[in-house]
Amino acid sequence: MDSALEQALLQEPCGDSRKNELGCNGGEASLQRIEQLFKHYKDECDDAILEDGMEKFCNDLQVDPTEFKVLVLAWKFQAATMCKFTRAEFVEGCKAIQADSIEGIRARFSSILNEAKSEEKFKDLYRFTFQFGLDCEEGQRSLHREIAVALWRLVFTQNVPPILEPWLNFLTENPSGIKGISRDTWNMFLNFTQVIGPDLSNYSEDEAWPSLFDTFVEWEMERRKKEEDANCSTCPHTDGLCPSE
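A brief report on the enclosed structure follows. (Residues numbered from 1 in each chain as written. Predicted model: local features only at pLDDT ≥ 70, side-chain atom pairs only at ≥ 80, totals over all residues. Heavy atoms only, no water.)

Re unusual backbone geometry
Even without being a glycine, Gln-78 presents a positive backbone phi close to 50°. Phi at Leu-200 is positive, roughly 65°, even though this residue is not glycine. Tracing the backbone shows Leu-200 in the loop between α12 (183-195) and α13 (211-234). Leu-200 gets classed as buried once you look at its relative accessible area, which sits at 4%. (Helix = DSSP H or I, 4+ residues; strand = E, 2+ residues; numbered from the N terminus. Buried < 20%, exposed > 50% of the residue type's maximum accessible area, 1.4 Å probe, protein only.)

See below:
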């Protein structure tokens, strides 16, 4: 690609600062420039941006491929697969965020991240993340446990629920020997973070939670009890009892 054209694709074409905020033509991105931007990163043999092109794309955006911004951008592009943007996904995604250059996309990150903070939008992002993590070509119906742990940590970047770390520790230790996380378990965990308190006292096995949650709560309560007993055994006490606060 001609170096002058390449430089133009990396920069916002509109000189006016107000237009830089809105996109060219008062808010409408140029389809021609979006197509040129896509061609700059697309694979030589496949009509899609694949791993190498995605790495270059992220480098030009000055983001790490594994960071939250990239997940949110993939959500706005409605990408079906990790490390891949089809032509339709890229073009429609750029049109949706009204950006037709690297600088234009970078300028949209702030508003996209703020959008993802709303309860309804985050729910949509959260459910998208499960599908995004699947290998559709392999016909996967559940996330590998290690992938699910990484995606849970990533999707909750902006708002970490208190129960997240205990939950991820439980999955990492994996006392249940599970290999994958189903869509139902993934979706229900968001409800779990919203209605179950950090002390887990309002959790009930009689409610319609996935059985894995029962195991987690039992495991976590036992872990906390052992931790409390260990702390008690090392603190100054009288007649074998820890002093109250």
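A few points about the nonpolar core
By size, the foremost hydrophobic cluster in this structure holds 68 residues, and its most contacted members are Trp-152 and Phe-192. Among the elements that take part in this core, helix α6 (residues 68-77) stands out by supplying eight residues, more than any other. If we skip the residues at most four places from it in the chain, Trp-152 touches Tyr-126, Leu-164, Trp-167, Leu-168, Leu-171, Ile-181, Thr-185, Trp-186 and Phe-189. (Core = buried A, V, L, I, M, F, W, Y, C linked by side-chain atoms within 4.5 Å. Contact = heavy atoms within 4.5 Å.)

Re the side chain of Asp-100
Within the fold, Asp-100 resides in the loop between α7 (87-97) and α8 (102-115). Since its relative accessible area comes to 1%, Asp-100 is described here as buried. Of the polar contacts made by the side chain of Asp-100, one reaches the backbone nitrogen of Ser-30; its length is 2.9 Å. (Polar contact = N/O pair within 3.5 Å; in protein donor to acceptor, adjacent residues only side chain to side chain.)

A word on the packing of aromatic side chains
Following the criterion strictly, the structure yields 31 aromatic pairs and no others. Taking 5.2 Å as the distance between ring centres and 90° as the angle between the ring planes, the aromatic pair formed by Trp-167 and Phe-216 counts as edge-to-face. Taken together, the residues span a long stretch of sequence, with Trp-167 in helix α11 (residues 164-173) and Phe-216 in helix α13 at a distance of 49 residues. Across the pair, exposure class does not vary: Trp-167 and Phe-216 are buried alike. With a centroid separation of 5.1 Å and an interplanar angle of 70°, the aromatic rings of Phe-192 and Phe-213 are classed as edge-to-face. Placement of the pair is Phe-192 in helix α12 and Phe-213 in helix α13, with a sequence separation of 21 residues. (Phe/Tyr/Trp six-rings, centres within 6.5 Å; stacked < 30°, edge-to-face > 60°.)

A look at the packing of helix α10 (residues 145-155) against α11
At their nearest, the axes of α10 and α11 sit 10 Å apart, and the two run at 165° to each other. By the angle between their axes, α10 is roughly antiparallel relative to α11. For α10 against α11, the interelement crossing comes out left-handed. From α10, Arg-145, Val-149, Trp-152 and Arg-153 reach across to α11, where they touch Leu-164, Glu-165, Trp-167, Leu-168, Leu-171 and Thr-172. Among the residues making up the contact of α10 with α11, the classes are represented as six nonpolar, one polar and three charged. (Axes fitted to C-alpha atoms, helices over the stretch in contact; angles between N-to-C directions. Parallel < 35°, antiparallel > 145°, perpendicular 65-115°, else oblique. Left-handed = near helix turned anticlockwise from the far one by under 90°. Nonpolar A, V, L, I, M, F, W, Y, C, P; charged D, E, K, R; others polar.)

Topic: helix α9 (residues 119-133)
Note on helix geometry: an α-helix contains 3.6 residues per turn, so any two residues three or four positions apart are oriented the same way. Between its terminal C-alpha atoms α9 stretches 21 Å, which fits the 21 Å expected from 15 residues at 1.5 Å a residue. The secondary structure elements touched by the buried residues of α9 are α6, β3 (143-144), α10, β4 (180-181) and α12. (Expected span 1.5 Å × (residues − 1).)

Remarks on α12
Over its 13 residues, α12 runs 19 Å from end to end, which matches the ideal 18 Å to within 8%, given 1.5 Å per residue. Among the residues of α12, Thr-185, Trp-186, Asn-187, Phe-189, Leu-190, Phe-192 and Thr-193 are the ones counted as buried.

Description of the environment of Leu-61
For Leu-61, the position within the fold is in helix α5 (residues 51-61). Remark: the alpha-carbon pair of Leu-61 and Gly-104, spanning 43 residues in sequence, is separated by 9.8 Å. Residues contacting Leu-61, with those up to four places away along its chain left out, are Leu-73, Ile-102, Ile-105, Arg-106 and Phe-109.

Focus: the packing of α9 against α12
One can describe the packing of α9 onto α12 by two numbers: an axis separation of 9 Å at closest approach and a directional angle of 150°. Considering the angle they form, α9 stands roughly antiparallel to α12. The chirality of how α9 crosses α12 is right-handed. Residues Glu-119, Phe-122, Lys-123, Tyr-126, Arg-127, Thr-129, Phe-130 and Gln-131 of α9 form the contact with α12, whose own contacting residues are Arg-183, Trp-186, Asn-187, Phe-189, Leu-190 and Gln-194. Among the residues making up the contact of α9 with α12, the classes are represented as six nonpolar, four polar and four charged.

Topic: a negative patch on the surface
A grouping of Glu-205, Asp-206, Glu-207, Glu-218 and Glu-222 is seen on the molecular surface, where their side chains present a negatively charged patch. Relative to the elements of secondary structure, Glu-207 occurs in the loop between α12 and α13. We classify Glu-207 as partly exposed; its relative accessible area is 43%. (Patch = residues over 30% accessible without salt bridge, like charges linked within 9 Å, V, L, I, M, F, W, Y side chains within 5 Å. Areas by Shrake-Rupley, 256 points an atom, 1.4 Å probe, with all protein chains shown as cover. Salt bridge = Lys/Arg side-chain N within 4 Å of Asp/Glu carboxyl O. Lys, Arg positive; Asp, Glu negative; His and termini not counted. Charge placed at Lys NZ, Arg CZ, Asp CG, Glu CD.)

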